[in-house]
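What follows is each chain in one-letter form.
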Amino acid sequence: MDLDVNWLAVLAGTAAHQALGALWYGVAFRDTWLRAMGKTPEEIQSEGPGAEMAFGAVASLLSVLALAVLLTFGEDPTVADGVAAGALAGVGFVAASTFMNGMYEQKPPVLSALFGAYYTVGLAAAGAILGAWR
């Protein structure tokens, strides 16, 4: 098995995934997310980014790296292959488990929807980068 991973593409995919998260939760769905969390912008600002941001970056790196490894199993993956693999992983693994855990933890479904959609779009974007940068 040849696991020839392009580390620069993995880092670029991770950066894209993290940038999408900043836009997703900081701009596009900020108010929806805050309401679902029961927090105010002031509470979030006073808490600061802290360890959550660092852990999120590591988690994104591991997710994008796993996607890169999966893409090595095929013959010369394309951008479309990367997008499809990322979207499938996002929906099939991340969103499905997020909704399941959210139900058990009795969290508002909108939190699961926001996270599952963010991760699916983020992995699809990272997959596009991985597929393009072979």
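Bear in mind that the values here come from a model prediction, so they are computed numbers and not experimental data.

Asker: Give me the lowdown on the overall build of the protein, citing residues and values where you can.
Answerer: Across its full length, the protein carries six helices and zero strands. Moving toward the C terminus, one meets the helices and strands of the protein in the order α-α-α-α-α-α. At 16 Å, the protein has a C-alpha radius of gyration in line with the 14 Å of a compact globule built from 134 residues. The C-alpha extent of the protein, read off along each of the three principal axes, is 45 × 30 × 20 Å. Taken across its 134 residues, the protein has 31% of its residues classed as buried. When contacts within the protein are restricted to residue pairs at least 6 apart in sequence, long-range pairs at least 24 apart make up 82% of them. For the protein, the computed accessible surface area is about 8000 Å², with 69% contributed by carbon and sulfur atoms. When the 5 positive and 11 negative side-chain charges of the protein are each reduced to one mean point, those points stand 11 Å apart.

Asker: Tell me about helix 1 (residues 7–28), and please be specific about residues and values.
Answerer: With 22 residues, helix 1 should cover 32 Å at 1.5 Å per step; its first-to-last C-alpha distance of 30 Å lies within 8% of that length. Residues of helix 1 that are buried make contact with helix 2 (30–37), helix 4 (50–71) and helix 6 (109–132). With a side-chain oxygen lying 3.1 Å from the backbone nitrogen of L8, the N-terminal cap of helix 1 falls on N6.

Asker: Tell me about the packing of aromatic side chains, and please be specific about residues and values.
Answerer: Applying the stated criterion to the full structure yields seven aromatic pairs. Considering the side-chain rings of Y118 and Y119, the 5.6 Å spacing of their centres and the 80° angle between planes classify their relative orientation as edge-to-face. Y119 sits in the buried class, given a relative accessible area of 7%. Here a set of aromatic residues connected by ring pairs shows up, and it is made of W24, Y25, F29, W33, F115, Y118 and Y119.

Quick notes on the rules
Residues numbered from 1 in each chain as written. Predicted model: local features only at pLDDT ≥ 70, side-chain atom pairs only at ≥ 80, totals over all residues. Heavy atoms only, no water. Helix = DSSP H or I, 4+ residues; strand = E, 2+ residues; numbered from the N terminus. Rg over C-alpha atoms; globule rule 2.2 N^0.38 Å. Buried < 20%, exposed > 50% of the residue type's maximum accessible area, 1.4 Å probe, protein only. Contact = heavy atoms within 4.5 Å. Areas by Shrake-Rupley, 256 points an atom, 1.4 Å probe, with all protein chains shown as cover. Lys, Arg positive; Asp, Glu negative; His and termini not counted. Charge placed at Lys NZ, Arg CZ, Asp CG, Glu CD. Expected span 1.5 Å × (residues − 1). Polar contact = N/O pair within 3.5 Å; in protein donor to acceptor, adjacent residues only side chain to side chain. Phe/Tyr/Trp six-rings, centres within 6.5 Å; stacked < 30°, edge-to-face > 60°.

Nothing here speaks to function; it is all geometry.
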